[in-house]
Amino acid sequence: MKNILTGIRPTGNLHLGHYFGAVSNWVDLQDKYNTFIEIADVQALTDNFNNPDKVRKNVKELTLDLLACGIDPKKTTIFIQSLIPEIAEATVYYSNLVTISRLYRNPTVKTEIKQKKDLFGNGESVTYGFLGYPVSQAADITMFDGQLVPVGEDQLPLLEQCREIVRKFNSIYGNTLVEPEQLLTKNTRIKGLDGNEKMGKSLGNAIYLIDDLDTISKKVMSAVTDPNKIKKDDKANPDVCMVYYYHKLVNKDNLDTVCSECKNGSRGCVACKKELINKMMEFLKPIQDKRKEYEKNMNLVEQILKDGTNNARKYAINKMKLVRKNMKIDYFE
Ligand code: TRP
Ligand code: SF4
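None of the values given here were measured: they were computed from a predicted structure. (Residues numbered from 1 in each chain as written. Chains lettered and ligands numbered in written order. Predicted model: local features only at pLDDT ≥ 70, side-chain atom pairs only at ≥ 80, totals over all residues. Heavy atoms only, no water.)

Engineer: I would appreciate a short explanation of the nonpolar core in the present structure.
Structural biologist: Within the largest apolar cluster, 57 residues are counted, with the highest numbers of intra-cluster contacts made by L16, L66, Y246 and M280. Considering every element that reaches this core, the biggest residue donor is helix α14 (residues 269–295), with eight residues. When residues are assigned to domains, this core turns out to be shared by domain 1 (3–190 + 297–326) and domain 2 (213–291), each giving three or more. Beyond its immediate sequence surroundings of up to four residues, L16 is in contact with G21, I190, M199, I207, L209, Y246, M280, F283 and L284. L103, M143, F144 and L158 belong to the second largest nonpolar core, which has 39 residues in total. (Core = buried A, V, L, I, M, F, W, Y, C linked by side-chain atoms within 4.5 Å. Buried < 20%, exposed > 50% of the residue type's maximum accessible area, 1.4 Å probe, protein only. Helix = DSSP H or I, 4+ residues; strand = E, 2+ residues; numbered from the N terminus. Domains from an automatic or database assignment. Contact = heavy atoms within 4.5 Å.)

This is the structure in structure tokens:
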């Protein structure tokens, strides 16, 4: 069975964008592959070093969200990055194989630095840790022989950087690391309620898996609809309406009706939104029910994290032995 490794930063709760874009795929993959999911707290700290409480809180929140979505701890190893020191160790060794200008050229890093002007001041004063997080991510993947990495398009430059590090490492120290490939999945990027291409916390346009009826109602009621539809019985174009966009995700059975009624003017936007709210709640119910079960049993959740981290650690320790041997720093072995 091939190893799959993916990671997620504990900086907030999961929203529908995470669910449809990533986590639902991971749930399918765990049956076919040896799957590792890393809670990337070290990476989260690269741009949240000034907010340790946020990262700590979200390690548990994220674990609950993942379990609620159907990540099965019997099939998937969920682990905490900072508790695997071998990842930090590998990061140090890999740092020698990457130039600073190459890191600055990484498109993902470039975009993120621009977005973080408030944290770093101008681009010149970006921290060493943040600039280097692709190196640490290469360690995440290679310490677990991650052969396949299910990631979205925005992460491709990070994977390419990892592949370069692996090739360079192997060419100098001999064949040691596995070169990962991207796993192309039905990677649907979900638009925000406002029509923005991306759903995100900072954009304030996200529906969270833990949102309750009241929250969902408010959000859906203010979603962007066809601006040309003024009166209830105006004909409209569902393809420019975010409410319709979400009907496509959670109301597949009644989609044809929604579409034709919108087009022929027999459907008012308020009724249409109310239907979406109900369907959204129906969709979220099993996820929220499962989450509540786990919330009642936080000892179990903690045990899942401990066991996952222990298993991951064993794997990484073993891998690090080979790394040290091939780098000729296994002094007393
Ligand atoms: N950079 C990823 C993100 O921001 C998270 C991540 C950390 C990751 N380590 C990883 C993804 C290893 C894939 C493989 O979402
Ligand atoms: Fe959108 Fe529904 Fe209004 Fe049509 S009727 S514009 S699909 S909210």
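Engineer: Mind showing me how you'd approach the site of ligand 2 here?
Structural biologist: The environment of ligand 2 is made up of T225, D226, K229, C241, V243, Y244, C262, R267, C269 and C272. Looking at the shell around ligand 2, the elements that each hand over two or more residues are α12 (242–250) and α14. Here the residues of the shell around ligand 2 are counted per class, giving six nonpolar, one polar and three charged. (Near = heavy atom within 4 Å. Nonpolar A, V, L, I, M, F, W, Y, C, P; charged D, E, K, R; others polar.)

Engineer: Would you take a moment to explain the domain arrangement of the chain for this structure?
Structural biologist: For an interface, size is often stated in terms of accessible area lost upon the parts coming together. Domain boundaries assigned for the chain yield domain 1 (3–190 + 297–326) and domain 2 (213–291). Measuring from the centre of the C-alpha atoms in domain 1 to the corresponding centre in domain 2 gives 35 Å. Listed by partner, the interface residues are 13 residues for domain 1 and nine residues for domain 2. Contact between domain 1 and domain 2 buries roughly 920 Å² in total, counting both sides, with carbon and sulfur atoms accounting for 70%. Applying the counting criterion to the domain 1 and domain 2 interface returns two salt bridges. A salt bridge links E61 to R291; the nearest nitrogen and oxygen atoms lie 2.8 Å apart. For the pair domain 1 and domain 2, the interface holds three residue pairs in polar contact (both at pLDDT 80 or more). Looking at the side of domain 1 that touches domain 2, the elements that each hand over two or more residues are α1 (16–29) and α3 (52–69). Per element, the largest residue contribution to the side of domain 1 that touches domain 2 is six residues, and it comes from α3. Residue composition of the side of domain 1 that touches domain 2, grouped by class: eight nonpolar, two polar and three charged. (Buried area = accessible area lost by both parts, 1.4 Å probe. Salt bridge = Lys/Arg side-chain N within 4 Å of Asp/Glu carboxyl O. Polar contact = N/O pair within 3.5 Å; in protein donor to acceptor, adjacent residues only side chain to side chain.)

Engineer: Quick question: what am I supposed to make of the packing of α3 against α14 here?
Structural biologist: Orientation of α3 relative to α14, taken along the N-to-C sense of each, is 130 degrees, at an axis distance of 8 Å. Judged by the inter-axis angle, α3 sits oblique to α14. α3 and α14 meet at a crossing whose hand is right-handed. Contacts from E61, L64, D65, L67, A68 and C69 of α3 reach α14 at I287, K290, R291, Y294 and E295. The residue makeup of the contact of α3 with α14, split by class, is six nonpolar, no polar and five charged. (Axes fitted to C-alpha atoms, helices over the stretch in contact; angles between N-to-C directions. Parallel < 35°, antiparallel > 145°, perpendicular 65-115°, else oblique. Left-handed = near helix turned anticlockwise from the far one by under 90°.)

Engineer: Is there a simple way to explain helix α9 (residues 133–142) in this structure?
Structural biologist: Since the α-helix advances by 3.6 residues per turn, residues separated by three or four positions end up pointing in the same direction. Buried residues dominate α9, accounting for 10 of its 10 residues. Within the sequence span of α9, burial applies to Y133, P134, V135, S136, Q137, A138, A139, D140, I141 and T142.

Engineer: I keep staring at the site of ligand 1 and nothing clicks. Help me out?
Structural biologist: Looking at ligand 1, there are 14 residues lining it, with R9, Q43, Q137, D140 and Q155 nearest. Between ligand 1 and E38, the relevant distance is 3.4 Å, taken from a nitrogen atom to a side-chain nitrogen or oxygen of the residue. Within the side chain of D140, a nitrogen or oxygen atom sits 2.8 Å from a nitrogen atom of ligand 1. A total of 370 Å² of accessible area belongs to ligand 1 in isolation, and the protein chains cover 88% of it. Within the residue set of the shell around ligand 1, elements represented by two or more residues are β1 (3–8) and α9. Grouping the amino acids of the shell around ligand 1 by side-chain chemistry returns six nonpolar, five polar and three charged. (Areas by Shrake-Rupley, 256 points an atom, 1.4 Å probe, with all protein chains shown as cover.)

Engineer: Would you mind showing me how to read the packing of aromatic side chains here?
Structural biologist: In this description, a pair of aromatic rings is defined by centroid distance and the angle of the planes. Summed over the entire model, instances satisfying the criterion amount to 13 aromatic pairs. Seen from their ring centres, F79 and F144 are 4.8 Å apart, and the 40 degrees between their planes marks the pair as tilted. One end of the pair, F79, is in strand β3 (residues 76–80); the other, F144, is in the loop between α9 and β4 (148–149), with 65 residues separating them in the sequence. No difference in accessibility class separates F79 from F144, as the two residues are buried. Through a chain of ring-to-ring contacts, three or more aromatic side chains come together here, namely F36, F79, F144 and Y315. For R9, the ring lying beneath its charged end belongs to Y133, and the centroid distance is 4.7 Å. (Phe/Tyr/Trp six-rings, centres within 6.5 Å; stacked < 30°, edge-to-face > 60°. Lys NZ or Arg CZ within 6 Å of the ring centre and 35° of its normal.)

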